[in-house]
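Residue strings, one per chain:
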Protein chains: 2
Amino acid sequence: MVRTARFTEHDFIDATIALVAEGGPAAATMQAIARRVGAPTGSIYHRFDSRAAVLGMAWNTAYASLVRTLAPLLRDGRPREAALAILPWSREDGYRARFLLLNEPVSLFEDSPPPAPLRQALEQLEGELDAAFQACVAACGDGTACDEQLARAKFLIFDAPIAILRPYLSRGAPPPSFAERMIAELHCGMPIAGMRGGGRLPPNADARLP
Amino acid sequence: MVRTARFTEHDFIDATIALVAEGGPAAATMQAIARRVGAPTGSIYHRFDSRAAVLGMAWNTAYASLVRTLAPLLRDGRPREAALAILPWSREDGYRARFLLLNEPVSLFEDSPPPAPLRQALEQLEGELDAAFQACVAACGDGTACDEQLARAKFLIFDAPIAILRPYLSRGAPPPSFAERMIAELHCGMPIAGMRGGGRLPPNADARLP
DNA sequence: CACGTTCTAAAATAACTATTCTAATTGGCA
DNA sequence: TGCCAATTAGAATAGTTATTTTAGAACGTG
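For chain A, an unreviewed UniProt entry supplies the name AcrR family transcriptional regulator and the organism Azospirillum picis.

Have a look at this one:
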């Protein structure tokens, strides 16, 4: 390398995530991304093949950070901790959380799909998360991991905590203090497999705000 | 009226909902809507002020159909029936369900917000649903409807059933037969207010596919 | 049977988009 | 010092979009 780069690949990805989080997928035009970074559009095309590649990279980056947070806990057979980890993950970076949890891939990649290597990388991540779920169900349950048990686990650990956060993400407000309690209680009433967490309700289920 | 209209307002709204459901918000261009209906673009502008007005009308229509399904049950103090009603509602019209449940308003109205009358109508609908939730919490609980109880009710009755359906809506697959059971079980383990539904698990919680 | 309003029809416009292209810089290394 | 690949810089291009405009067709009414 002979000329030092003024911008990094990550600058463009961060700008893309922020723009989509703020104004939806169509707000992330190549010009808007460049303007936010302070670079000319040519510098984006020097690093990425196309807009679909930028969006794909952004999606994979955000998805990977969530998988890295959840998968180890799942493989350890700790579904409750995994579910509770989504809240701090979303607080860690509000843009990233809004980008990943408030957008469907079909809306993000409507113009053209991401290039093949990115699609493969995403499938790999999805496979990793899926395997972690299966391992968790096997560890917690009675061994027979049928479709229903897997769907139950994904709902209780993944989709339900996200559904608790979504209304607040959507209106850009911080999640309330009782969100954590709501997530925790999910893992007492509804069975994943044989596991039931313990009591019917946590001891402090009726406590008010701490 | 002197010349009979070949198309109705509803034709354009239906086409818009279908297009967004299939390919995301950006797929619903004025030309694509016109082509799907078999009309020229001028016929859209004869009925709607702008693209934002078409999308806004489509959103309000879909939202209203869901509110009309849920609100009466909530006002009757039947949260469990309301939660279970979302599944048949989504089966009734897959396009409408995908359109409403898989898109955030911020993504749909990113270019320009809907005109004021439509925004007001939507606020009215949101207010109606909110009031129905409050009435339901008041009817089922001990009267003190704090923020947390309301958030719990909205999650158990609205967001959680949607979260159960979302993965299937997203990949265009029909929801599995156990989806209904999962929704029903939510209303046994986690309290909305004082109400707890009855047993800890429904009698047939361990039954396999019927 | 004309009239006038409502609607269809499609071409024209102006703005915006992703992408490409051509120069101009940069800064370590020979 | 002077060279040269990597990078910046931004103008140019081709295509698409929402919207407007202009013209023509339909049909109940008087």
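Moving on, we get to the overall build of chain A. Within chain A, the secondary structure is distributed over 10 helices and zero strands. When the helices and strands of chain A are placed in sequence order, the string is α-α-α-α-α-α-α-α-α-α. Looking at chain A as a whole, 53% of its 210 residues are labelled buried. Within chain A, residue pairs in contact and separated by at least 24 positions form 69% of the contacts whose partners lie at least 6 positions apart. Summed over its atoms, the accessible surface of chain A is roughly 9,700 Å², and 52% of this surface lies on carbon and sulfur atoms.

Residue and element names in this part refer to chain A. As for its placement among the helices and strands, Asn60 is situated in helix α4 (residues 51-75). Reaching out from Asn60, the side chain makes a polar contact with the backbone oxygen of Leu118 at a distance of 3.1 Å. Sequence-distant contacts of Asn60, defined by excluding residues within four places in its chain, comprise Leu118, Ala121, Leu122 and Leu125.

With that settled, consider helix α4 (residues 51-75) of chain B. Residue and element names in this part refer to chain B. Here α4 spans 35 Å end to end across 25 residues, near enough to the 36 Å set by a 1.5 Å rise per residue. At Val67, α4 shows its maximal kink, close to 25 degrees. Where burial is concerned, most of α4 is hidden: 18 out of the 25 residues are buried. Remark: Gly77 follows α4 within two positions and exhibits a positive phi of approximately 70 degrees.

All right, on to the UniProt feature "DNA-binding region" (unreviewed entry) in chain A then. Per the UniProt record, the feature "DNA-binding region" (unreviewed entry) sits at residues 29-48 of chain A. Note that residues 29-48 of chain A is 65% helix and 0% strand, and that its end C-alpha atoms are spaced 14 Å apart.

Turning to the confidence of the model for chain A, a few remarks are in order. When pLDDT is averaged along chain A, the result is 89; 87% of the residues meet or exceed 70. Across residues 193-210 of chain A the pLDDT falls below 50, and counting only partners more than four positions away or on other chains, this stretch makes 38 contacts in the model.

Next up on the list: the protein's contact with DNA strand C. Every one of the 19 residues lining DNA strand C counts as a neighbour, but Arg3 and Arg51 of chain A together with Val2, Arg6 and Arg47 of chain B are closest to it. The share of sugar and phosphate among atoms of DNA strand C within 4 Å of the protein is 67%. At a separation of 2.3 Å, a phosphate oxygen of DNA strand C approaches a polar side-chain atom of Arg47 of chain B. Broken down by class, the residue content of the surface near DNA strand C amounts to eight nonpolar, six polar and five charged.

With that out of the way, let us pick up the packing of aromatic side chains. Residues and elements named next belong to chain B. Taken as a whole and judged by the stated rule, the model has six aromatic pairs over all chains. Each ring, one from Phe133 and one from Phe158, has its centre 6.4 Å from the other, and the planes form 85 degrees; the classification is edge-to-face. With Phe133 in helix α8 (residues 116-140) and Phe158 in helix α9 (residues 147-170), this residue pair connects regions lying 25 residues apart in the sequence. Exposure class is identical for Phe133 and Phe158. Each is buried.

Let us look at the environment of Ala83 of chain B. Among the structural elements, Ala83 of chain B can be located in helix α5 (residues 79-92). Those residues in contact with Ala83 of chain B that lie beyond four places of it in its chain are Leu156, Ile157, Pro161, Ile183 and His187 of chain B.

Another aspect to go through is the protein's contact with DNA strand D. Close to DNA strand D lie 20 residues; Val2, Arg6 and Arg47 of chain A together with Val2 and Tyr45 of chain B are nearest. A share of 58% of the atoms of DNA strand D within 4 Å of the protein falls on sugar and phosphate groups. Contact between DNA strand D and His46 of chain A: a phosphate oxygen at 3.3 Å from a side-chain N or O atom of the residue. Arg3 of chain B is positioned with one of its side-chain polar atoms (N or O) 2.9 Å from a base nitrogen of DNA strand D. By residue class, the composition of the surface near DNA strand D is eight nonpolar, seven polar and five charged.

Conventions we followed
Residues numbered from 1 in each chain as written. Chains lettered and ligands numbered in written order. Predicted model: local features only at pLDDT ≥ 70, side-chain atom pairs only at ≥ 80, totals over all residues. Heavy atoms only, no water. Helix = DSSP H or I, 4+ residues; strand = E, 2+ residues; numbered from the N terminus. Buried < 20%, exposed > 50% of the residue type's maximum accessible area, 1.4 Å probe, protein only. Contact = heavy atoms within 4.5 Å. Areas by Shrake-Rupley, 256 points an atom, 1.4 Å probe, with all protein chains shown as cover. Polar contact = N/O pair within 3.5 Å; in protein donor to acceptor, adjacent residues only side chain to side chain. Expected span 1.5 Å × (residues − 1). Bend = angle between axes of the 7 residues up to and from the residue. UniProt positions renumbered as here; feature names shortened; annotations may be inferred. pLDDT = per-residue confidence, 0-100. Near = heavy atom within 4 Å. Nonpolar A, V, L, I, M, F, W, Y, C, P; charged D, E, K, R; others polar. Phe/Tyr/Trp six-rings, centres within 6.5 Å; stacked < 30°, edge-to-face > 60°.

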